[in-house]
Amino acid sequence: MSTSVLTDIFLPASLFIIMLGMGLSLVVDDFKRVATQPKATIIGLINQIILLPLIGFAITQLFNLNNQLAIGMMLIAACPGGVTSNLISHVSRGDTALSISLTAISSLISLLTIPLIMGFAFQYFSDNGQVVDIDEMGMILQIVVIVLVPVTIGMIIRSRNEAFAKKMDRPVRIFSATILAIIIIGIMVKESELIRNNFASIGLSTALLNLLTMLLGWLSARLFSLNLKQSITIAIESGIQNGTLAIVIASTVLNDIGLAIPTSIYTIWMFATGGFMMYRFGRRSELAEMPE
């Protein structure tokens, strides 16, 4: 699974623009609400950090996956939400501030949880335990550059020219949906052989992981009486993981690109379910009028 112009240049640049567009829709009070009403954040973090890996492990047992695929499943389950979840939540008219907050917090917590979860996975599924060393500064820098910097720029623009920010809302959503379509097509074309060779053994288990975690996120949000925008975001953040991070860890930290096979197929499912969420909720005009 090699890098390309799509992943090295086009995608990061596009994501920067998308995140800037998200910033255009946010004000400081959005994040104050997240801080003063922490229930949604706590529910989202429990789903991501605790329940997701547990569900991933249960699925490896249910499908009796071989060691490599099982460890790969645990890797994607250990990863936090990423920029993609922010994008899907934004286009789905979820709580964008909550989504970005969950991504930032879970990414920082995962500096500790990924080594722990992957250490367990290697000890349980293989005879050789392996210490996982994460590039903490590199990961933090990724969050700052791709998420915090453009969002901050967008918020500054909105604070100085609110009319322009509102005018750009629809073009940014169209651009975001177009970029997602390009990503999906690019992944399917680039990894077609890998997907064909492994789909029978890992396709159903990765689909189940994605669907169960999104459903759990939605049900837990509704159970604790979160509003619709928060529920949309919790569902997305629970089931849309940072596949890029998983691939980087597999190929550079663990030196086994085969561990990325579950991630590559999981990515297809999460774009499919993410697309459903965007179609289902993105067109609901009443959500645009709801405060986050």
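The rules behind each value
Residues numbered from 1 in each chain as written. Predicted model: local features only at pLDDT ≥ 70, side-chain atom pairs only at ≥ 80, totals over all residues. Heavy atoms only, no water. Helix = DSSP H or I, 4+ residues; strand = E, 2+ residues; numbered from the N terminus. Buried < 20%, exposed > 50% of the residue type's maximum accessible area, 1.4 Å probe, protein only. Contact = heavy atoms within 4.5 Å. pLDDT = per-residue confidence, 0-100. Axes fitted to C-alpha atoms, helices over the stretch in contact; angles between N-to-C directions. Parallel < 35°, antiparallel > 145°, perpendicular 65-115°, else oblique. Left-handed = near helix turned anticlockwise from the far one by under 90°. Nonpolar A, V, L, I, M, F, W, Y, C, P; charged D, E, K, R; others polar. Phe/Tyr/Trp six-rings, centres within 6.5 Å; stacked < 30°, edge-to-face > 60°. Lys NZ or Arg CZ within 6 Å of the ring centre and 35° of its normal.

What follows concerns the overall build of the chain. Scanning the chain for helices and strands turns up 14 helices and zero strands. Walking the chain from its N terminus toward its C terminus, one meets helices and strands in the order α-α-α-α-α-α-α-α-α-α-α-α-α-α. Here the chain holds 292 residues, and the buried ones make up 51% of them. Taking the intrachain contacts of the chain between residues at least 6 apart in sequence as the baseline, contacts between residues at least 24 apart amount to 85%.

Here the focus is the confidence of the model for the chain. On average, residues of the chain score 80 in pLDDT, and 81% of them are at 70 or above. Per-element mean pLDDT across the chain ranges from 55 in helix α14 (residues 285–289) up to 94 in helix α3 (residues 39–62).

This paragraph deals with the packing of helix α5 (residues 83–91) against helix α11 (residues 228–239). Packing of α5 against α11 brings their axes to within 9 Å, and their N-to-C directions diverge by 150°. Between α5 and α11, the crossing angle belongs to the class labelled roughly antiparallel. Crossing of α5 over α11 shows right-handed handedness. Contacts between α5 and α11 involve Ser85, Asn86, Ile88 and Ser89 from the first element and Thr233, Ile236 and Glu237 from the second. For the contact of α5 with α11, the per-class residue count stands at two nonpolar, four polar and one charged.

For the coordinates displayed, the defined rule picks out six aromatic pairs. An aromatic cluster is present here, built from Phe57, Phe120, Tyr124 and Phe125 joined pairwise through their rings. The cationic tip of Arg222 hangs over the ring face of Trp218; the distance from NZ or CZ to the ring centre is 5.5 Å. Of note, Arg280 hangs over the ring of Phe281, and the distance from its end group to the ring centre comes to 5.1 Å.

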